[in-house]
Amino acid sequence: MVSWYLRVRSCRCQPRTIITWLLCCHGIQLLVVCVCHVTERTNMKQVTLALLDAATDKDSEVQEQVRKSMLTLGKQQPDRVLAMCQDYLLKHPKVKSTPLYVIELTVSIISLASDEMTRSKDVIPDWQQAASNILVAVGNKHINDIMEEILSKFQPGLLPHFFVVQTLANLSDSNVYGMVPFLNAILGTMLPMLNMAKQDNMKWVFSSALCHFSDSILEYLANLDKAPDPTVRKDTFSSEIYAAFDILFNNWLQSRESKLRLTVAEALGSMCHLMAGDKLEEQIPKLIPAILSLYKKNNEHYIISKSLCQVLDASVNMGSRVLETQLDSLLFALHQQVSAPVDYSNPPTIKNHNEVLRCFSILANSFPDRLVMFVLQKLENSNERSRVGSLAVLRHLINSTTSTMEGKKLLILASIRQPMADHSNKVKKRVVQVISAMAHHGYLELEGGELLVRFIVQNCALPDTYQVQFGPTDPEEVTNEALRTMCDNTLHLLTTTVGRLADVLWPKLLYYLTPPQFSNATTPLCKSLIVLGNKKKSNQEPSFNIDFTQEGRRKIYSLEAFLCYILCLLSKTLATIDDDKWVCQLAAEATRYLSTYNNAIEEKSFLYQCIGMTLQQSFNKEVVRKQLQEVLLTARHNDAVEREGVAMGVGLCANSHLEGTLAKLDEFGKSDAFKKSPSIFNLLKERNDVEVEKVKSTLILCYGQVALNAPPEKILNRIDQDILRSISKHFNTKPFADCFCVSFVQNMVSFHNLGALLGRLSPRCSDPHPAVRTAAIDCIYTLLYIQLRYEGFSLDYKDDAVDSLLPLKDRLENPDHSVLYKACSDLTKRLPQQQMTTLVFMLFEGLVDSQTNCCRASSVILNTLLKNRGGGLQELVAHTHTHCSLFSWFLPEKKLQKKMTLLCVGVHFSFQMTCGLKELLLNGQSQEPVVTLFPRLFSCLTVRLGASVGVSAPRDNNTKHTASVHLRCRDQRLDEDKAWDLIKEPNTHITGVTLLARAMSKHAGPRLPSIVECLCPSLNNIYECQRVTVTAFFSELLNHHVVTELMLIDVLMNNMMERISDPCCTVRMLSVRGLGNIAEGSPEKVHRHKQKCLCFSFLASGPLAGKLITLEAMSGLSKVLLYLDKKNENDEIRCAAIHLMGNLSKFGSGEPVFKDQIHNVLVSLLLHLVDPNPQVVKACKFAMRVCAPVVGSEQITTMFQNHLHEDKSLHYGEFINDLTKYLIQDFPGMLNFYHISVIQFFKSNWPEVRAGAAMFIGMTRLLAPNV
């Protein structure tokens, strides 16, 4: 044995190798000696690892020796051995065999680690934390052994060591299924310890442990299918958790130590899910404000938001009813958090932002209406940070609560427009993110979605940022380049990933290629169009082929206009290049390519025009002559389209080369092309005649285009000398030539275009731009004097009517429209009668001018023209009579919309205009313009309805009633209620309009803001009938909650207030009705508009009061009083309302309708006799005493007069008893109504009122049990 020992000592091998060799040789006793020696002289780490590797040996003697060796090493250097054992176990988690020595080793390690962890009562983080970590690691495999050791040091009545509690907490995280069965006992032991903890570190570790315990229990319950004991339930822990919650919330949450407060808050959030529902419901009114207050006390907000999110989640899951009472403060605090800047280099701020968004999504599931309205109202705030936060919430809600937001898509689409107009790039960035979210959830396919696409494209075209930065840069700054890149990527993303948008983007993106403001967006637009086009082409979708004559007429340029733009672009490009040699080469190459387009005549025709424009920019006359020669000789004159293209190209060339062009045309006219080629036996004579005639047609078209495009100062002198001479030379034997020459000469020598020119120029005298107005006056002045010369007047002749135009120029800077209209109308006096027809039809075109002032000017001139000189237009009567019914069928869609726009802006909506609009609506292509202009059309026709009540149509018209032409809502109830018939009759007009407004509230909510905007100006109309119609419409809108959702409540209420002083009694009555309707449609707004609702006092005592108004005031007040009682704590307001009711009743003596209104408020007045405010009680006594004669009972009247005096006390019980008897006796049919009214007061804010309500119910049930 000694020899073996000496061999081991003298061996130079590594210790791990020696140990392995010794084990293989089964030198058991020698191994013990060797280990003892090794621990002193060799590397401890390698020896220990070698022993651990050998621990799984199959030989029991080896295992026993390894056990003894490990125990020996552990006693000598426990810290190092324990650390290496922990590390080994973590690195070899799959070791399955557990021999006896491993169990003993485990028990030894557990005991040693536990002793080391608790040896010192003081907290030594590094050393004790290492021991705790060993226990946690071992606990993953041997939880029972660990718990036996730990619980021995976690005894009732004794405050445990800090790391004992922390070890339990960490164990619950690392081994959920092993720890949860122990937690009920642990919590029972821990609860008394909580009151013993005085130091903040112990409070902290207990709070942390409770947080970990709660999370473990929740994870266990969420995965019961994997749990060892599936019978565990939440109520197993509820009572202990609530007891701990009470201590943490009431005592520890108020600590001055920030770290402790946050840990307690985190624990409270986790514990809420395990509390009983009734206990949590009790704590919510205190818990949520307490957590919200922590935002102001701590700089780190993530833990607070996480805890709040857990509280809200638990509250929503258990169906809390009191959570709604905290909603306002919650939304305010959460919005502040979500609006705070996010530092993306600081993970806690990112986590806090995400937790706040989770809070919003949780609230959205329970309170979608209030939350969405809150966010949309915040979008109206112009503050940048507030808008950025609101947009972040909106984006999150769209993505996370799809089903909840489904019914609010149109409202969100309407509200997103306001931040879209913000100038801040930060806001724009958020808007783009919101649009991206909306695109994935079907918003962009709805009406208004095109505006969002336009916004993306518009920001794809942003210019670069040119700004000198002074001082430190804003880390959140969004440059134009960054925003543009983001929009490029977003557009590409929408194109490639959102399949449903294909029909939205195609072909709409084409519209943005040509406008100059979108030029910077050409690249992303083209990329997206290529993707969309290829996808549609590969799928063989019919929409791949775009019919520009039908699709998007309002936005795509016509082909002719587009080609003109291309030619203009070519001209400017060549002028910018300024290289004549290159221009000449381009013309030659283009001419050479003509033959390749023989199968594409339209393209070839345009190529001729491009050649002409290129020659126009050339300075080389020889090249111009040569190219013209080749064009004229190689053209295929048999094709009409090609002939026209050749002529247009020659005409464009003549703009710069008139002399050379005319010379070439003259030379061409003398060429062999005009000679008939001989044919065999003359068989082809007819064909040759035709060919020559086609060449001649080309020549005459060329001369016409030369006259059109050549400079005017040069062409006039060449008409007789070159053009007419050439025409007469070649065409003097043909009738066509004679007609052409006559018409051509007549065009040049007769001033037959005066009517057309005046029709174009006269409306421009009212143009909004001063320079245009001045130029129009100058042109008209010159034209009229030219006409005078044609009529034979001398050069020095002066016409007073024409000269009167000149003084107007000095007054055009600040024009008086009445003067301008009169001047424009006077222009027609100098016009020859034969020009009237042209002028009339040209003014028809002016009625759809893009400028509203010019439209009005055309209308005034037409009106004056027909009045003063209509006698000479008798031959046009038949045509104009059918004009309204015919012109809609000949107009394209774009013109239809313009005509409808014209009819909408007319102040006097005449019968003829109504009929014209009817014909337009019957047009088969009017659907899109009607949808676009629906708010304006509906508003104009509604006002027209008011003016048409009781008015008969002309005798010669088949229409029975002008009011019958109306855009009908698709509501079957309107037809069933005969609303359209009611609207026509004066006595039922208001009822019909009310039904119409009701249907619009139900079916046309998203369009109501635009309709209200269009109708508001009519409230100040001089025509009483129109004011009545619009006020009735607005009054009924207030009866529906949709106006609150659309944020129209303030506009409508203000309009009702303005109409209270209207001279028309009916308008005043309807405005009072509208003020009262707010209690039905938007009761939550009564408190905000209480003063407006109580404006009836003005009507009750003023000179404008009447019985109808008083009745409406009493009806409205009876509705409002109920909500003032529920929500308004302002005693002065309640006093005023009750006094007002008493004053109004003075007007109702003997009127049955007034009696009904008094009974409506009788219960409210009766219950407020016990109001806690003495002034309110006096007001009720006054009102009931004054109302007594109207009630309809002599006994009740006497009772009120005798007992209800302001300065006398009242025994309320006896009073109620006696009054109940009289009510049962005199009004038995009203008892059910009284009961319904009283029940609503059980929710009153004042216990006295609630008690009075209960007393009244009890008395009536006692005295009338069968009712």
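Definitions and cut-offs
Once a new chain begins, its residue numbering starts again from 1 and follows that chain's sequence as written. Totals for whole chains, interfaces and linings use every residue, but because this is a predicted model, local features are given only for residues with pLDDT of at least 70 and side-chain atom pairs only at 80 or more, for both listing and counting. Derived side-chain values reflect all non-hydrogen atoms in the structure, with water molecules and hydrogen atoms excluded from consideration. Nonpolar core, defined: a set of buried Ala, Val, Leu, Ile, Met, Phe, Trp, Tyr and Cys residues in which side-chain atoms within 4.5 Å join the residues together. Relative accessibility under 20% of the residue-type maximum defines a buried residue, over 50% an exposed one, and the middle range a partly exposed one, all with a 1.4 Å probe and only protein chains included. By the criteria applied, helices consist of DSSP H or I runs no shorter than four residues and strands consist of E runs no shorter than two, each listed in order from the N terminus. Should any heavy atoms of two residues lie within 4.5 Å, those residues are counted as being in contact. pLDDT expresses, on a scale from 0 to 100, how confident the predictor is about each individual residue. To get an axis, a line is fitted to the C-alpha atoms, and for a helix only the part in contact is used. The angle between two axes follows their N-to-C directions and goes from 0 to 180 degrees. Every angle not falling under 35 degrees, over 145, or within 65 to 115 is termed oblique; those three ranges are roughly parallel, roughly antiparallel and roughly perpendicular. The rule for a salt bridge is simple: a side-chain nitrogen of Lys or Arg has to be within 4 Å of a carboxyl oxygen of Asp or Glu. Classification of ring pairs uses Phe, Tyr and Trp, with its six-membered ring standing for Trp, and accepts pairs whose centres are within 6.5 Å; under 30 degrees between planes counts as stacked, over 60 as edge-to-face, and the remaining range as tilted. The criterion is that NZ of a Lys, or CZ of an Arg, lies within 6 Å of the ring centre and within 35 degrees of the ring normal, and then a charge sits over that ring. Any helix carries an expected span of 1.5 Å times its number of residues minus one.

Student: Is there a simple way to explain the nonpolar core in this structure?
Tutor: Most often, soluble globular proteins keep nonpolar side chains buried together rather than apart. L194, L363, L509, F1033 and F1034 are the most contacted members of the largest nonpolar core, which has 204 residues in total. Per element, the largest residue contribution to this core is 10 residues, and it comes from helix α11 (residues 176-196). Once you skip the residues sitting within four places of it in the chain, L509 turns out to touch V453, V457, L491, L525, S528, L529 and L532. In this structure, C1135, C1180, V1191 and W1246 belong to the second largest nonpolar core, which totals 41 residues.

Student: What am I meant to see in the confidence of the model for the protein chain here?
Tutor: As a note on interpretation, predicted positions should not be read in detail where pLDDT is low. Per-residue confidence for the protein chain averages 76 on the pLDDT scale, and 75% of its residues sit at or above 70. Note that pLDDT drops below 50 for residues 96-101; the model gives that stretch 10 contacts with residues more than four away or on any other chain. This model gives residues 731-750 a pLDDT under 50, and the stretch forms 21 contacts once residues within four places in sequence are excluded.

Student: Is there a simple way to explain the environment of A50 in this structure?
Tutor: Tracing the backbone shows A50 in helix α4 (residues 44-53). Sequence separation between A50 and V66 is 16 residues, and the spatial gap between their C-alpha atoms is 9.7 Å.

Student: What exactly am I supposed to notice about unusual backbone geometry here?
Tutor: As a rule of thumb, non-glycine residues mostly have phi less than zero, and peptide bonds are mostly trans rather than cis. In this model, W506 is joined to P507 through a cis peptide bond whose omega is 0°. Its identity as a non-glycine residue notwithstanding, Q540 has a phi of 55°, on the positive side. If you trace the backbone, Q540 turns up in the loop between α28 (522-538) and α29 (559-577). Despite not being glycine, D578 has its phi angle at roughly 55°, a positive value.

Student: Help me understand the packing of helix α31 (residues 601-616) against helix α33 (residues 640-654) in this model?
Tutor: Pairs of packed helices are described in terms of their axes, by the angle between the two and the distance that separates them. The interhelical angle for the contact between α31 and α33, taken along N-to-C directions, is 10°, at an axis separation of 7 Å. Compared by their axis directions, α31 and α33 come out roughly parallel. Within the contact between the two elements, α31 uses I601, E602, K604, S605, Y608, Q609, G612, M613, L615 and Q616 and α33 uses V641, E642, G645, V646, M648, G649, L652 and C653.

Student: Would you explain the pattern of salt bridges in this entry?
Tutor: Note that side chains of opposite charge can pair when their charged atoms are close. Tallied over the full model, the rule gives 25 salt bridges. The closest approach of N and O atoms between R119 and E116, which form a salt bridge, is 2.4 Å. For E116, a relative accessible area of 7% translates into the label buried. In this structure, E406 and K409 form a salt bridge, with 3.2 Å as the shortest nitrogen-oxygen distance. Given the relative accessible area of 44%, E406 is considered partly exposed. The buried category is assigned to K409, whose relative accessible area is 11%. Put simply, D115, E149 and K153 are held in one network by salt bridges that share partners.

Student: Mind showing me how you'd approach the packing of aromatic side chains here?
Tutor: Each aromatic ring pair is characterised by the separation of its centres together with the angle its planes make. Under the definition given, this model contains 11 aromatic pairs. When the centroid spacing of 6.2 Å and the interplanar angle of 10° are considered together, the rings of F162 and W204 count as stacked. Highlighted residues: F162 in helix α10 (residues 162-174) and W204 in helix α12 (residues 200-222), separated in sequence by 42 residues. Classification of F162 as buried rests on a relative accessible area of 11%. By way of ring pairs, the aromatic residues F934, F938, F1033 and F1034 are connected into one cluster. The positively charged end of K259 is found above the aromatic ring belonging to W204, 5.0 Å away from the centroid. We note K409 situated over the ring of Y443; from NZ or CZ to the ring centre the distance is 5.3 Å.

Student: Just checking my understanding: could you explain α10 for this structure?
Tutor: With 13 residues, α10 should cover 18 Å at 1.5 Å per step; its first-to-last C-alpha distance of 19 Å lies within 8% of that length. Burial analysis of α10 places 10 of its 13 residues in the buried class, which makes it a mostly covered element. Burial in α10 covers these residues: F162, F163, V164, V165, Q166, T167, L168, A169, L171 and S172.

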